[in-house]
Amino acid sequence: MKTHRPSFFTITLVVLLSAVRGESSTDCDFRAIFNFGDSNSDTGGLSAAFGQAPPPHGESFFHGPAGRYCDGRLKIDFMAESLGLPYLSAYLDAVGSNFSHGANFATAGSTIRPQNSTLHQSGFSPISLNVQWYQFNDFHRRSQIFRKQVFKQLLPKAEDFSRALYTFDIGQNDLTAGYFLNMSTDEVRAYIPDVLDQFKTVVKYLYGQGGRSFWIHNTGPVGCLPYVMDRLLITAGQVDRAGCANPFNEVAQHFNKKLKEAVAQLRVDLPHAALTYVDVYSVKYTLISRAKQFGFVHPLRACCGHGGKYNYNKQVGCGGKVKINGKEVLVGKPCQDPSVMINWDGVHYTQAANKWVFDRIADGSFSDPPIPLRMACHRHPPS
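Every value quoted in this text rests on a predicted model; they were computed, and no experiment measured them.

Q: So what about the packing of helix α11 (residues 280-289) against helix α12 (residues 351-361)? Which residues, and what values?
A: Relative to each other, α11 and α12 sit at 130°, their axes nearing to 10 Å. One finds that α11 runs oblique with respect to α12. In this structure, α11 meets α12 at a crossing whose hand is right-handed. Seen from α11, the contacting residues are Val280, Val283, Lys284, Thr286 and Leu287; seen from α12, they are Ala353, Trp356, Val357, Arg360 and Ile361. Of the residues that constitute the contact of α11 with α12, the class distribution is seven nonpolar, one polar and two charged.

Here's what the structure looks like:
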């Protein structure tokens, strides 16, 4: 039987079409991850600067506090695992850190736009995205100086910076910060363009330092978080079928729409960059609205907390203690089984929920372009 081999013309056409589309089946050789963000990806930054996240944080995996506001691992941890890299050390953590495969500049409470307040006044970190950029810039320069001296095994090689994956998970606090300052929804929406201009500026700075592969998460459904629903008043008519607060989720969706447009513009401005926009919002909302279907319970309640409709209390958080008859008593206790809960402490997700979300975004199903994490170095031309 005669076999039909593809002609030279057919092979050439396929190759050319693949090149035009920016397609490639080759996994990327990411040597490092440099992460920027807030508590959704902080592996110890805020703890190093302002005091360790107390027990029971970390109990499900690390068996003790590990700088994460979670019972275990975050999405950034699962990302590192999937790429065969160690967990990221926080840039601010001087004890036991190894930066040979990247560094984490994220800190809990961080915003893109600097806040005109202290951590104790507002709860938001002074280490905003521009500060994280300053830290990276200093790290990039000084790591190569000290690598030549005595810290060769603990610092990345010069070429690793251009072969690294640059990840972002930030923006949620920019929205809630406005609400906590008693701004209206329209006022919060009005400053989003300025927030995203500052985001684009940092990405361009990183590109100027050699960054080429960017993996950018949008912000999640803030209107489904216990600490938002507990602290901000809404009417019954503003609650959706999942029990979430519609006004806050609508602002998050507006932010995400504008973030996606910003990423599209960056593709034009940065011709050699591979920029992947990841719709984490849709994945998280699906999990919350269909929790029972996926083996989770009480999607709007915190696992670790104390009292109230959502098991959340601003004054006594996860791990919080109160004095009773002169003795400190732990009241911010974790639930019996965090593996079936979505929300950990009223603000952050559990390890189980983080894993569930990661498993659905890793293959590119919720990405634009639809490219898996392991192939995020491949550039797609602007559409």
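Q: Explain the pattern of salt bridges to me, using residue names and the numbers behind them.
A: A full pass over the atoms with the stated rule returns 13 salt bridges. Residues Lys204 and Asp269 are paired through a salt bridge, measuring 3.4 Å at the closest nitrogen-oxygen approach. Of the two residues, Lys204 sits in helix α8 (residues 192-208) while Asp269 sits in helix α10 (residues 246-269), which places them 65 residues apart along the sequence. Accessibility expressed as a relative area gives 35% for Lys204, which makes it partly exposed. Judged by its relative accessible area of 34%, Asp269 falls in the partly exposed class. A salt bridge links Lys355 to Asp359, with the nearest nitrogen and oxygen atoms 2.9 Å apart. One end of the pair is Lys355 and the other is Asp359, both in helix α12 and four residues apart, which spans about a single turn.

Q: For the sheet that holds strand β4 (residues 213-217), give the residues involved together with the corresponding values.
A: Consider a sheet: its strands pair through backbone hydrogen bonds, and that pairing is either parallel or antiparallel. Here six strands make up an open sheet; going across it, the order is β2-β1-β3-β4-β5-β10 and the pairing mixed. Only two strands of the sheet have a single neighbouring strand rather than two, namely β2 (102-104) and β10 (367-368). One ladder, built from five bridges, connects strand β1 (residues 33-37) with strand β3 (residues 165-169); its direction is parallel. Looking at the pairing, Asn35 lines up with Thr167 of β3.

Q: Hey, could you go over the side chain of Ser39 for me, with residue numbers and the actual values?
A: As for its placement among the helices and strands, Ser39 is situated in the loop between β1 and α2 (45-50). Polar contacts involving the side chain of Ser39 include one to the side chain of His348, which spans 2.7 Å. When near neighbours in sequence (up to four residues on either side) are disregarded, Ser39 contacts Leu74, Thr107, Ala108, Gly109 and His348.

Definitions and cut-offs
Residues numbered from 1 in each chain as written. Predicted model: local features only at pLDDT ≥ 70, side-chain atom pairs only at ≥ 80, totals over all residues. Heavy atoms only, no water. Axes fitted to C-alpha atoms, helices over the stretch in contact; angles between N-to-C directions. Helix = DSSP H or I, 4+ residues; strand = E, 2+ residues; numbered from the N terminus. Parallel < 35°, antiparallel > 145°, perpendicular 65-115°, else oblique. Left-handed = near helix turned anticlockwise from the far one by under 90°. Contact = heavy atoms within 4.5 Å. Nonpolar A, V, L, I, M, F, W, Y, C, P; charged D, E, K, R; others polar. Salt bridge = Lys/Arg side-chain N within 4 Å of Asp/Glu carboxyl O. Buried < 20%, exposed > 50% of the residue type's maximum accessible area, 1.4 Å probe, protein only. Pairing = 2+ DSSP bridges. Polar contact = N/O pair within 3.5 Å; in protein donor to acceptor, adjacent residues only side chain to side chain.

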